[in-house]
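Summary of the model geometry
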Amino acid sequence: MKAKNVFTGIVIGGVVAGIATLLATPKSGYETRRTLIANKNEYMESIKDIKDSAVELKNTVATASKEGKTSIQTFITDVKTAIFEWKLLTEENKKGLQEDVKELEDSIKDLESELAAANSKEK
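Residues numbered from 1 in each chain as written. Predicted model: local features only at pLDDT ≥ 70, side-chain atom pairs only at ≥ 80, totals over all residues. Heavy atoms only, no water.

If you look the chain up in an unreviewed UniProt entry, it shows as YtxH domain-containing protein from Mesobacillus boroniphilus.

The following block contains the structure:
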């Protein structure tokens, strides 16, 4: 919600409550006016406090939003960097593993050749 809408709602609610109070009050008009005038400063101070709180809340949310955005961008950059580094490390390991697999395949072929040669001599 926007602070302006909240403030407008509070003012309208206050006016409606004031009218309802005037219509339902057990005091005379003079006494009621005197009470309202006496409490006017208190009401105005309360409205000012509410407005200040709404502005402070808006500023806090804006600051938190900016800080959150910066933190998320930093996090994303860190994750991308970590993934890139991981890919580099695994690429080196991948090449080593491929060489090892090639050597094993060559050894298996040699053994198969030797076994085939040994079997053909026995026959």
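1. Describing the overall build of the chain
Helix and strand content of the chain: two helices and zero strands. Across its three principal directions, the C-alpha atoms of the chain cover 130 × 30 × 15 Å. Within the chain, buried positions represent 1% of all 123 residues. Here the chain displays about 11100 Å² of accessible surface, and carbon together with sulfur accounts for 62% of that area. Once the 19 positive and 20 negative side-chain charges of the chain are each reduced to a mean point, those two points are 19 Å apart. (Helix = DSSP H or I, 4+ residues; strand = E, 2+ residues; numbered from the N terminus. Buried < 20%, exposed > 50% of the residue type's maximum accessible area, 1.4 Å probe, protein only. Areas by Shrake-Rupley, 256 points an atom, 1.4 Å probe, with all protein chains shown as cover. Lys, Arg positive; Asp, Glu negative; His and termini not counted. Charge placed at Lys NZ, Arg CZ, Asp CG, Glu CD.)

2. Points about the UniProt feature "coiled-coil region" (unreviewed entry) in the chain
The residues that UniProt annotates with the feature "coiled-coil region" (unreviewed entry) are residues 40-121. Segment residues 40-121 splits into 100% helix and 0% strand. End C-alpha atoms: 117 Å apart. (UniProt positions renumbered as here; feature names shortened; annotations may be inferred.)

3. Concerning the pattern of salt bridges
Taken as a whole and assessed by the stated rule, the structure comprises two salt bridges. Where Asp52 meets Lys48, a salt bridge forms, and the shortest distance between an N and an O atom there is 3.2 Å. Of this pair, Asp52 and Lys48 both sit in helix H2 (residues 29-122), four residues apart, roughly one helical turn. What makes Lys48 partly exposed here is its relative accessible area of 46%. Close ionic contact of Lys102 with Asp106 constitutes a salt bridge, the shortest N to O distance being 3.7 Å. Remark: Asp106 and Lys102 occur in helix H2; sequence separation between them is four residues, near one turn of the helix. (Salt bridge = Lys/Arg side-chain N within 4 Å of Asp/Glu carboxyl O.)

4. Focus on the environment of Asp49
Mapped onto the elements, Asp49 comes out in helix H2. In this structure the C-alpha to C-alpha distance between Asp49 and Thr35, which are 14 residues apart in sequence, comes to 21 Å.

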